[in-house]
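# Survey of secondary and tertiary structure
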Amino acid sequence: MKYLTYGILFLSITSEVTSDDTNWSSWTQWTQCSKTCKQGMQLRVRYCYAGLPGTPDCEGAWWQSRSCVISYYCGYPTTTAITTTTTIVPTTTTTATGSCFDSGDRESYRGAIHQTKSGIICQAWNSQSPHRHRYTSSTYPNSGLNGNNCRNPDLDKNPWCFTTSSYKQWEYCDVPNCSDTTSTTTVAPGSTAPPPTSSSECGVPDVPMSDSKGNTSHIVGGVETTPGSIPWQASLRRSFSGSHFCGASLLNRNWIITAAHCITEPHNPSSYYALLGDHNQYTTDVTEKRVDFSAIFRHQQYSSSTLENDITMMKITYPVMFDTYIRPICLPNANSILPENEMVTVSGWGTTKNTGSNTVLRRASVPVVETTSCNGLIGGVMSSMMCAGYMSGGKDSCQGDSGGPLFWEASSGEYHLVGIVSWGYGCAEARKPGVYTRVSFYIPWIQNTMQN
């Protein structure tokens, strides 16, 4: 009997296709298998040009899933054949000591998983390529750093590893938690299940935002983001040129939010499109996806002279499928106000004033400035706006960041969209904080726009 050293076993496909395909787009590529060394699932979708799925002109399935097994020296025989369809049924499993993650003993994991959550193979701990680091078996002799299996030498919240991708330094691994009694799933024959969704629909990126495992890479005064760490960031593009001109944020599968001053043709949604999952604005990233718009709702009382009501909602033509690099941000509570000096983060591809390259997505952390104080410095700040920045300057949003997110991390670990990049005097100048649309002021308008 032969055994696979690497391979993917594709199993049965669910969802039938009985429609006339002339109104449908081609199927997307299959997503990566959701599990390693066990049965998982892959998903692909397509879009109907003639309306919504299920209507007379769009009969048929808009998604398909298929079972799969990825094996990396896992001992699956090449003759394995599993003929099942989907519908998830919990199955209780028993895990051996060290084969699951124990939050009470964070360094104890000694299992064989050596792939990150997004499917990248781990770099060997004693290797310094492609990423240089200090976590080796000689510097951490009791942490099990032999080979390239996921480990937790720094007692982080989950086991992790450096990746073999030069574009991503490190990432958490999908290691089962010892406290979970339903850590695996099997499928029951003869039935179907809807496409899988994330347990946390907004504000929780799969990829950590901080870069605390090694050297950081060198927005004004900001740092380059780790790809996937700000998965709600969108790049707005003009259809005729394809060039980035403003930022935006993904709110859910159907809506993007941006600044009103970014949109000069709200009655012509085909003039714009957005890239989600983008990192380098001048190259095509494998993680990026284009979305088009069917309608644009710029605030009815937007003023181009005062920039009051600088907010716009953009309806995405076809629902977005979430993944590691594309995920929405949470909205704040209505009329909530952050206290002065609370730290928030702004991100974008805007001008950096020689503090770094604007080729890649960057972020900067800045403190909130109370509205009265901000008005005393620059004037023109209304109750529907908020300010953020250092009195000494040095970090700020700038041209090209307009419409992008200003976000805050709640105690729950979720990120909330508290501001939209709006206006300011210069970029990162002393005693001239940036001004943002206060999102909490517009929660009723946002909800009404999405519902009606």
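All values derive from a computational prediction rather than experimental measurement.

Conventions used here
- Residues numbered from 1 in each chain as written.
- Predicted model: local features only at pLDDT ≥ 70, side-chain atom pairs only at ≥ 80, totals over all residues.
- Heavy atoms only, no water.
- Disulfide = S-S within 2.5 Å.
- Helix = DSSP H or I, 4+ residues; strand = E, 2+ residues; numbered from the N terminus.
- Buried < 20%, exposed > 50% of the residue type's maximum accessible area, 1.4 Å probe, protein only.
- Pairing = 2+ DSSP bridges.
- Axes fitted to C-alpha atoms, helices over the stretch in contact; angles between N-to-C directions.
- Contact = heavy atoms within 4.5 Å.
- 1 Å grid on protein atoms, 1.4 Å probe; cavity = no way out; pocket = protein on both sides within 12 Å on 5 of 7 lines; lining within 4 Å.
- Points joined across faces, edges and corners; volume = space filled by probe spheres on them.
- Nonpolar A, V, L, I, M, F, W, Y, C, P; charged D, E, K, R; others polar.
- Phe/Tyr/Trp six-rings, centres within 6.5 Å; stacked < 30°, edge-to-face > 60°.

Attention now moves to the state of the cysteines. Under the counting rule described, the total for this entry stands at six disulfides. With its sulfur 1.9 Å from that of its partner, Cys100 forms a disulfide with Cys178. Here the disulfide of Cys100 and Cys178 is right-handed, its torsion about the S-S bond being about 100°. Of this pair, Cys100 sits in the loop between β4 (88–91) and β5 (160–162) while Cys178 sits in the loop between β6 (170–172) and β7 (184–187), and the two are 78 residues apart along the sequence. Between the sulfur of Cys202 and that of Cys330 lies a disulfide, 2.0 Å long from S to S. Its S-S torsion of about 90° marks the bond between Cys202 and Cys330 as right-handed, since a negative value means left-handed. For Cys330, a relative accessible area of 3% corresponds to the buried category.

Turning to the sheet that holds strand β10 (residues 244–250), a few remarks are in order. Across a sheet, strands are paired by hydrogen bonds formed along the backbone, either parallel or antiparallel in direction. One closed barrel accounts for six strands, arranged β9-β10-β11-β14-β13-β12; its pairing is antiparallel. Strand after strand, the sheet turns through a mean of 40° between neighbouring axes, direction not considered. In terms of strand pairing, strand β12 (residues 272–276) meets strand β13 (residues 289–298) through four bridges, oriented antiparallel. Bridge pairing in β13 places Leu276 opposite Lys289. On the sheet, helix α2 (residues 443–451) packs against β11 (255–258), β13 and β14 (312–316) and is oriented at approximately 25° with respect to β14.

A word on unusual backbone geometry. Across the junction of Ser129 and Pro130, the peptide omega takes the value 5°, indicating a cis bond. Residue placement: Pro130 occurs in the loop between β4 and β5. Here Asn335, not a glycine, exhibits a phi torsion of approximately 65°, which is positive. Among the secondary structure elements, Asn335 is positioned in the loop between β14 and β15 (343–348). We classify Asn335 as exposed; its relative accessible area is 56%. One non-glycine residue, Asn341, lies in positive phi territory at about 75°. Along the chain, Asn341 falls in the loop between β14 and β15.

Turning our attention to empty space enclosed by the protein. The calculated volume of the largest cavity comes to roughly 110 Å³. If you go around the largest cavity, you meet 14 residues; those closest to its centre are Gly228, Ile230, Gly277, Asp278 and Leu361. A breakdown of the residues in the lining of the largest cavity according to their chemical character gives five nonpolar, eight polar and one charged.

Summed over the entire model, instances satisfying the criterion amount to 15 aromatic pairs. Aromatic side chains Trp125 and Trp160 sit 5.2 Å apart centroid to centroid with 75° between the ring planes, which places their arrangement in the edge-to-face category. On the criterion of sequence distance, the pair formed by Trp125 in the loop between β4 and β5 and Trp160 in strand β5 is long-range, its members being 35 residues apart. Here Trp125 matches Trp160 in class, with each residue buried. When the centroid spacing of 5.7 Å and the interplanar angle of 45° are considered together, the rings of Trp232 and Tyr415 count as tilted. Of the two residues, Trp232 sits in the loop between β8 (223–224) and β9 (233–238) while Tyr415 sits in strand β19 (residues 415–423), which places them 183 residues apart along the sequence. You can call Trp232 buried: its relative accessible area is 0%.

Interpretation note: all reported values are geometric properties and have no functional meaning in isolation.
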